[in-house]
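# Working through the structure, step by step
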Amino acid sequence: MSGATTPATVVERAALDLLWQAPSQGTGEPRGEGMPVELARRYGGRLAVTLRSDRPTVAANFVSTLDGIVAFGGDLTGGGLVSGFHEPDRFVMGLLRALADVVLVGAGTLRGSTDHRWTAAHVHPASAVATAAWRRAMGLAPQPTTVIATASGDIPFGHPGLNDARVPVVIATTPSGASRLRRASLGRNVSIEAIGGGTPLSGDDVTALGARLGARLIVCEGGPHVLGELVSSDVLDELFLTLAPQVVGRGDPRRIGLVEGIALSPDDARWHELVSVRRSTDHLFLRYRRREDRRATRES
Ligand SMILES: NC(=O)c1ccc[n+]([C@@H]2O[C@H](COP(=O)([O-])OP(=O)(O)OC[C@H]3O[C@@H](n4cnc5c(N)ncnc54)[C@H](OP(=O)(O)O)[C@@H]3O)[C@@H](O)[C@H]2O)c1
């Protein structure tokens, strides 16, 4: 296996088991060349995402309980509670950030975290050297741009995710959100994009913004309301879903599922096809791709 070489600082933990992989990984230009050998070994094979030619490709990465909860609500924020602070989940999150030009998060996810930065090195420091080498091999900028979606512009300006000078940040907002944000003292790494014409941003606005930024791959890390916009606009191309083996129930209305804010009818449902299944202890790492024929699978 060829690929960039890096010092032996990466994870020497057990590799994810590749249980199943679709024969076709999609046609088109792949993003993922030069994956360092140690990352590919740990992941259980190379990771590549097929890039679209008509607009930025959009992938999402979430962790869910077996019963579909991705956030407990209230003060119980963060995917760590959902994954059980599962280190391999953070490893995979780091791989996807390493591939991304843009990491998209909603203001709810920003407000629900206190010290996060949306970089590969932050989420999985043990593979930071290798993921940085991988980005260099792919000719990508050192860090993906963090794009924060907010209609209100009411975000915590002191959040570390906005204040790392090495990480470009774009706040995608409405005109009124932009007015509020322009009164704030923001770092030189932060820019404000007023889009949406007064209405909340659609998934198409997000891909148009990504194209203006020169992005070929946008990785959405939530939350469920932002993902809902992407699903509603039908721009979500791939879903990386970690299934954590816990069941928690929905008795508390603050608990939220994978996709919120929309309710598609069965004949408008977004069907996907399975790309791969990996396993680490009792967690499953599912990768789905939007069906090109847009229809449900009929075979038994
Ligand atoms: N398990 C996981 O994998 C995972 C992943 C991510 C997040 N989470 C959890 O999910 C929770 C947050 O999720 P969430 O759904 O409440 O929040 P979210 O989707 O992160 O953010 C919602 C906020 O984003 C902005 N927004 C959403 N749609 C918009 C649109 N169309 N146009 C403009 N702005 C828009 C709005 O911000 P304003 O209110 O500022 O207008 C809205 O309040 C947190 O607990 C987080 O830890 C879990």
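Each remark here, short or long, concerns the structure printed above.
All residue numbers refer to position in the chain's written sequence, counted from 1. Residues qualify for local features only when their pLDDT is at least 70, as the model is predicted, and side-chain atom pairs are given and counted only at 80 or more; totals for whole chains, interfaces and linings, by contrast, use all residues. Side-chain numbers here rest on the full set of heavy atoms in the structure, without hydrogens or water.

### Re the pairing of strand β4 (residues 57–65)
This is how it is decided: Per-residue accessibility, obtained with a 1.4 Å probe over protein chains only, is compared with the maximum for each type, and a residue is labelled buried under 20%, exposed over 50%, and partly exposed between these values. Numbering of helices and strands runs from the N terminus, with a helix taken as a DSSP run of H or I at least four residues long and a strand as a DSSP run of E at least two residues long. Note on pairing: two strands pair once DSSP finds at least 2 bridges between them.
Burial within β4 is extensive, with 9 of its 9 residues counted as buried. Taking every second residue as pointing to the same face, both faces of β4 are buried, with T57, A59, N61, V63 and T65 on one and V58, A60, F62 and S64 on the other. Judged from the 4 bridges that link them, β4 and strand β10 (residues 217–220) form a sheet pairing that is parallel. Looking at the pairing, A59 lines up with V219 of β10. One ladder, built from 7 bridges, connects β4 with strand β11 (residues 238–244); its direction is parallel. Opposite N61, over in β11, you have F240 as the bridge partner.

### So, unusual backbone geometry
Cis rather than trans, the peptide bond between G222 and G223 has omega equal to 0°. Looking at where G223 falls in the secondary structure, it is placed in the loop between β10 and α9 (224–232). Backbone geometry places D234, a non-glycine residue, at a positive phi of 60°. Mapped onto the secondary structure, D234 falls in the loop between α9 and β11. Despite not being glycine, T281 shows a phi value in the positive range, around 45°.

### A short note on the site of the ligand
Counted only if it meets this: Here a residue is considered near a molecule or strand provided that any single heavy atom belonging to it is located within 4 Å of it. What qualifies as a polar contact is a pair of N or O atoms within 3.5 Å, subject to a donor-acceptor requirement within protein and to the restriction that residues adjacent in sequence count only when both atoms come from side chains. Residue-level accessible areas treat just the shown protein chains as cover; the underlying method is Shrake-Rupley with a 1.4 Å probe.
For the ligand, the set of nearby residues contains 26 residues, the closest of which are G78, T109, T150, L201 and H225. Interatomic distance of 2.6 Å between a backbone N/O atom of L201 and a nitrogen atom of the ligand. V226 places a polar main-chain atom, nitrogen or oxygen, 3.1 Å from an oxygen atom of the ligand. Relative to its unbound accessible surface of 920 Å², the ligand loses 85% to contact with the protein. Among the elements of the structure, β4, β5 (69–71), α4 (107–111), β7 (145–150) and α9 are those that each provide at least two residues to the shell around the ligand.

### Considering the pattern of salt bridges
Test applied: Salt bridge, as used here: a side-chain nitrogen of Lys or Arg that lies within 4 Å of a carboxyl oxygen of Asp or Glu.
In total, this model carries 20 salt bridges according to the counting rule given. Notably, a salt bridge pairs D234 with R290, separated by 2.8 Å at the nearest N-O pair. With D234 in the loop between α9 and β11 and R290 in strand β14 (residues 283–290), this residue pair connects regions lying 56 residues apart in the sequence. Accessibility assignment for this pair places D234 and R290 in one class, buried. Ionic pairing is found between R270 and D268, a salt bridge with its closest N-O pair at 3.0 Å. Residue R270 is classed as buried on the basis of its relative accessible area of 18%. By sharing partners, the salt bridges in this structure join R52, D54, R55 and D237 into a single network.

### Describing the nonpolar core
So the rule is basically this: In this text, buried Ala, Val, Leu, Ile, Met, Phe, Trp, Tyr and Cys residues form a nonpolar core when linked through side-chain atoms within 4.5 Å.
Ranked by internal contacts, the top residues of the largest apolar core, which has 37 residues, are M35, Y43, L47, L95, L99 and W134. Every element with two or more residues in this core is listed here: α1 (37–43), β3 (49–51), α3 (87–99), β6 (102–106), α4, α6 (128–138), β8 (169–173) and β10. At 6 residues, the largest contribution of residues to this core is made by α3. The next biggest cluster of nonpolar side chains, apart from the first, holds 25 residues, and it includes L201, L236, L239 and L241.

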